Amino acid sequence: MTQNKKVLEFIEQTKKLCNPEKVVWIDGSEAQLEELRALAVKEGILIKLNQEKLPGCYLHRTCVNDVARVEGRTFICSSNKDDSSPINNWMNKDEAYKMLNGLFEGVMTGRTMYVIPYSMGAVGSKFSKIGIELTDSVYVVLNMAIMTRVGKKVIDALGDGDFIKGLHSYAELNEEKRYICHFPEDNAIMSINSNYGGNVLLGKKCFALRIASYLGKTEGWMAEHMLILGIENPKGEIKYVAAAFPSACGKTNLAMLIPPEIYKNKGYKCWCVGDDIAWIRVGEDGRLWAVNPENGFFGVAPGTNMKSNPNALLSTKKNTIFTNVAYNEDDNTVWWEGMTKEVPEHLIDWKGNKFVAGKVDENGKPIKAAHPNSRFTAPTVNCPCLSDQFEAPNGVPLSAIIFGGRRAKTAPLVYQSKDWNNGVFVGSIMASETTAAATGAVGVVRRDPMAMRPFVGYNMGDYFKHWIEMGTKIKNQPKIFNVNWFRTDDNGNFIWPGFGDNLRVLDWILARCEGKVDARETAIGFIPYAKDINIEGLDGITENTVEDLLSIDKDAWTKETEGIESFYKEIGERVPAELHAQLDALKKNLNK
Ligand code: GTP
Ligand code: SPV
Ligand code: MN
């Protein structure tokens, strides 16, 4: 398929190491993919779903110990320990290669090794980058074929150029020997003993964030864990925003937002450019321009329904792979918690057992039919609100950057930073309650700067520095905001309705960008006047509720500054002086 010496050598070396029975090139043709789907069904890897209701759709169940990203077993491997920071895992690169080469030795014996040439970004665009993933997993091949552009056209575009090497084997799915390793100095990724999402679809978090963030630092651009959304006003003008929320904190939902009635009636429309990753560059006009390097959505299934996110649900109606959702025996379809009010009568849960509604586990917690981190892999073309700029080679210009997380109390519904460096500070102090997207405890508040804690490919202090430096290169800087859809009342219920109604907050954000609305300056930044958040047509929300959602608890924020201080300390001495100065200023302002 290619004369590219580096590609051929990579394949030869891997063949020697892993000893596959045969090597199959993925050419990207529908015929080949259809053959692989049939093979996966035959081998019990996929279940073919009702082809009338869900044409081209399949269900996959992972091993029960392999249901999310494993941050504890994810490593940046390089020559210098300082290339990473204490909040991420680092391994000496030579030791990592030695250990991994041991684990990969002969691992594909009797198996097929697939060669997946893939492009992150539209094939041939000058901002796109190419990777080759070698894997023994048909599941990975079929997911990569949705999430990225794959096949011959990519190899042709590569010519004799360079690429990111990716090697994956599900090996024995042994969690004790599971490693997701990144070699930024060598443009290489090695992943073993998992067969789940972000651990193994190497184009996504491994390449498009960890390796790409490192490339971005070296080359002067940014790879971010951000959705990209276009908001069209009644005059037909479209403004774009990018937003970074930690995993399972609402990116896909915001990216596919449907305007509330009163906005729809006025003529507002929203367009999805991306739901998870943004590659961002300074354009010739001095603005920031963002592209979504992916070609599919790997979205959280539970909670997705015709009310919360119809565009996501509609995106999964054809050519989609479902992972760890429940199986509906009655009509050979799928189900998950929050899809419909009524629980179908005959469900098989994500582990393959008969589901009994209301049954609890040994800790008294209700057993779920679908895993909380169950997902759909759906082609972007399925999305009813996909932006016509989705494949624009230069991407879309950003008016605003939005940070946000799950905070039950401290963070207000929305606030605006004072300037770029203050915005970088706001991103750096992001904190959020953990979710099921990664293994470990759920609901614990942890710092997750720019939603990149698990995804930055180098030292977090240097990453902050890169943000500060980018600011000096952007003539027309986007404004930077922070949002929190997740404040709760005394009973633990979310106060803000969220989802489509988040447009009401975006509306204020865009008005601020255009200098059309005043705001109140506070210690943490600019807060809206409650009257300026449009609550027309919202049940049970009054100006007082909004006032409450926007309130800032001085004591909580003072405590917050202590948390930030120790977090900066934990990252170490590379946290830039500019951010320490921002923290000092915040402390001073809170004491005023
Ligand atoms: P990753 O794919 O892991 O990066 O997640 P994500 O950031 O795309 O999160 P997603 O949009 O899938 O949402 C995750 C969960 O948050 C789902 O259960 C949603 O129902 C819930 N959620 C999203 N937006 C809102 C909101 O505005 N309000 C509330 N209360 N919940 C929301
Ligand atoms: C996330 O966890 O942020 C995801 C899912 O988008 S995964 O691809 O598994 O990283
Ligand atoms: Mn994500």
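Residues numbered from 1 in each chain as written. Chains lettered and ligands numbered in written order. Predicted model: local features only at pLDDT ≥ 70, side-chain atom pairs only at ≥ 80, totals over all residues. Heavy atoms only, no water.

(A) Quick look at helix 3 (residues 93–104). Helix length check: helix 3, at 12 residues, gives a terminal C-alpha distance of 16 Å against a target of 16 Å (1.5 Å per residue), a fit within 8%. If you follow the buried residues of helix 3, they end up packed against helix 1 (5–18), strand 4 (74–78), strand 5 (90–92), strand 9 (164–169), strand 10 (179–183) and strand 11 (188–192). Its side-chain oxygen 2.9 Å from the backbone nitrogen of Asp94, Asn92 forms the N-cap of helix 3. (Helix = DSSP H or I, 4+ residues; strand = E, 2+ residues; numbered from the N terminus. Expected span 1.5 Å × (residues − 1). Contact = heavy atoms within 4.5 Å. Polar contact = N/O pair within 3.5 Å; in protein donor to acceptor, adjacent residues only side chain to side chain.)

(B) Main features of the sheet that holds strand 19 (residues 321–323). Taken in spatial order, the 5 strands line up as 2-3-19-23-18 in an open sheet, and their pairing is mixed. In the strand order of this sheet, the two ends are held by strand 2 (47–48) and strand 18 (296–300), each with one partner. (Pairing = 2+ DSSP bridges.)

(C) The arrangement of the site of ligand 2 in detail. Taken together, Arg69, Gly198, Lys204, Lys205, His225, Ser247, Asp276, Phe298, Arg375, Ala437 and Phe455 form the complete shell of residues around ligand 2. Arg69 places a polar side-chain atom, nitrogen or oxygen, 3.0 Å from an oxygen atom of ligand 2. Ser247 has a polar side-chain atom sitting 2.5 Å from an oxygen atom of ligand 2. Expressed as a share of its isolated accessible area of 280 Å², the protein-covered part of ligand 2 is 99%. Built from parts of two domains, the shell around ligand 2 gets at least three residues from each of domain 1 (5–44 + 70–220) and domain 2 (224–294 + 389–591). (Near = heavy atom within 4 Å. Areas by Shrake-Rupley, 256 points an atom, 1.4 Å probe, with all protein chains shown as cover. Domains from an automatic or database assignment.)

(D) The environment of Pro393, seen in detail. Residue placement: Pro393 occurs in the loop between strand 23 (375–379) and strand 24 (396–404). Sequence spacing of Pro393 and Ala290 is 103 residues, and the spatial spacing of their C-alpha atoms is 9.8 Å. Ignoring any residue separated from it by four or fewer positions in sequence, one finds Pro393 in contact with Ser125, Phe127 and Val291.

(E) Quick peek at the coordination of the manganese ion (ligand 3). Looking at the metal site, the manganese ion (ligand 3) is ligated by Lys205 (NZ), His225 (NE2) and Asp276 (OD), spaced 2.1 to 2.5 Å from it. For the manganese ion (ligand 3), the 6 donor atoms in the first shell make angles of 64 to 174 degrees at the metal, a pattern classed as irregular. Here the donor residues for the manganese ion (ligand 3) map to a single chain with the spacing K-x19-H-x50-D. Of this pair, Lys205 sits in helix 7 (residues 203–219) while His225 sits in the loop between strand 12 (222–224) and strand 13 (227–232), and the two are 20 residues apart along the sequence. His225 shares its class with Lys205; the two are buried. (Donors = N, O, S within 2.8 Å, 3.2 Å for Na, K, Ca; no water. Tetrahedral: all angles 85-135°; square planar, octahedral: opposite > 155°, others 65-115°. Buried < 20%, exposed > 50% of the residue type's maximum accessible area, 1.4 Å probe, protein only.)

(F) How the structure looks around the domain arrangement of the chain. Here the chain is described as being made up of domain 1 (5–44 + 70–220) and domain 2 (224–294 + 389–591). A separation of 31 Å is found between the C-alpha centroids of domain 1 and domain 2. Counting the surface lost from both domain 1 and domain 2, the interface buries some 3000 Å², and carbon and sulfur atoms represent 56% of this. Applying the counting rule to domain 1 against domain 2 returns 6 salt bridges. (Buried area = accessible area lost by both parts, 1.4 Å probe. Salt bridge = Lys/Arg side-chain N within 4 Å of Asp/Glu carboxyl O.)

(G) How the structure looks around the site of ligand 1. Taken together, 21 residues form the shell around ligand 1, and within it Ala248, Lys251, Thr252, Asn253 and Arg375 come nearest. With respect to ligand 1, the side chain of Arg375 contributes an N or O atom lying 2.7 Å from an oxygen atom. Phe499 places a polar main-chain atom, nitrogen or oxygen, 2.9 Å from an oxygen atom of ligand 1. Of all the secondary structure elements, the ones that give two or more residues to the shell around ligand 1 are helix 8 (251–255) and strand 18. At 3 residues, the largest contribution of residues to the shell around ligand 1 is made by helix 8. Classifying every residue of the shell around ligand 1 gives 10 nonpolar, 7 polar and 4 charged. (Nonpolar A, V, L, I, M, F, W, Y, C, P; charged D, E, K, R; others polar.)

(H) The pattern of salt bridges, seen in detail. A complete count under the given rule lists 33 salt bridges for this structure. Here Lys264 ties to Glu261 by a salt bridge, and the two come within 3.6 Å at their closest N and O atoms. Of this pair, Lys264 and Glu261 both sit in helix 9 (residues 261–266), 3 residues apart, roughly one helical turn. Assessed through its relative accessible area of 39%, Lys264 is described here as partly exposed. Among the charged side chains, a salt-bridge network with shared partners connects Lys204, Lys205, Lys251, Asp276 and Glu294.

(I) Quick look at the pairing of strand 16 (residues 278–282). Of all the 5 residues making up strand 16, 4 are buried; the element is thus mostly covered by neighbouring parts of the structure. Sheet topology note: the strand 12/strand 16 ladder contains 3 bridges and is antiparallel. When the bridges of strand 16 are listed, Ala223 appears paired with Trp279. Bridge analysis of strand 16 against strand 17 (residues 288–291) gives 4 bridges, and the strand direction is antiparallel. The residue bridging Arg281 from the neighbouring strand is Trp289, located in strand 17.

(J) Region of interest: the environment of Leu579. Along the chain, Leu579 turns up in helix 16 (residues 577–591). Given a relative accessible area of 0%, Leu579 falls into the buried group. Along the primary structure Leu579 and Met450 are separated by 129 residues, whereas in three dimensions their C-alpha atoms are 14 Å apart.

(K) A look at the environment of Ala223. Positionally, Ala223 belongs in strand 12. Residue classification places Ala223 among the buried residues on the basis of a relative accessible area of 2%. Distance from Ala223 to Ala96, taken between C-alpha atoms, is 25 Å for residues 127 residues apart in sequence.

(L) Geometry of the packing of aromatic side chains. Taken as a whole and assessed by the stated rule, the structure comprises 19 aromatic pairs. Measuring from centroid to centroid gives 4.1 Å for Tyr97 and Phe183, while their planes differ by 5 degrees, and the two rings are stacked. Highlighted residues: Tyr97 in helix 3 and Phe183 in strand 10, separated in sequence by 86 residues. Between Tyr463 and Phe464, the aromatic rings sit 6.2 Å apart at their centres with planes inclined by 50 degrees, giving tilted as the arrangement. Phe464 gets classed as buried once you look at its relative accessible area, which sits at 0%. The structure contains a cluster of three or more aromatic residues connected by ring pairs, namely Tyr214, Tyr458, Tyr463, Phe464 and Tyr568. Looking at Lys266, its charged tip hangs above the ring of Tyr263, at a distance of 5.3 Å from the centre. We note Arg281 situated over the ring of Trp221; from NZ or CZ to the ring centre the distance is 4.5 Å. (Phe/Tyr/Trp six-rings, centres within 6.5 Å; stacked < 30°, edge-to-face > 60°. Lys NZ or Arg CZ within 6 Å of the ring centre and 35° of its normal.)

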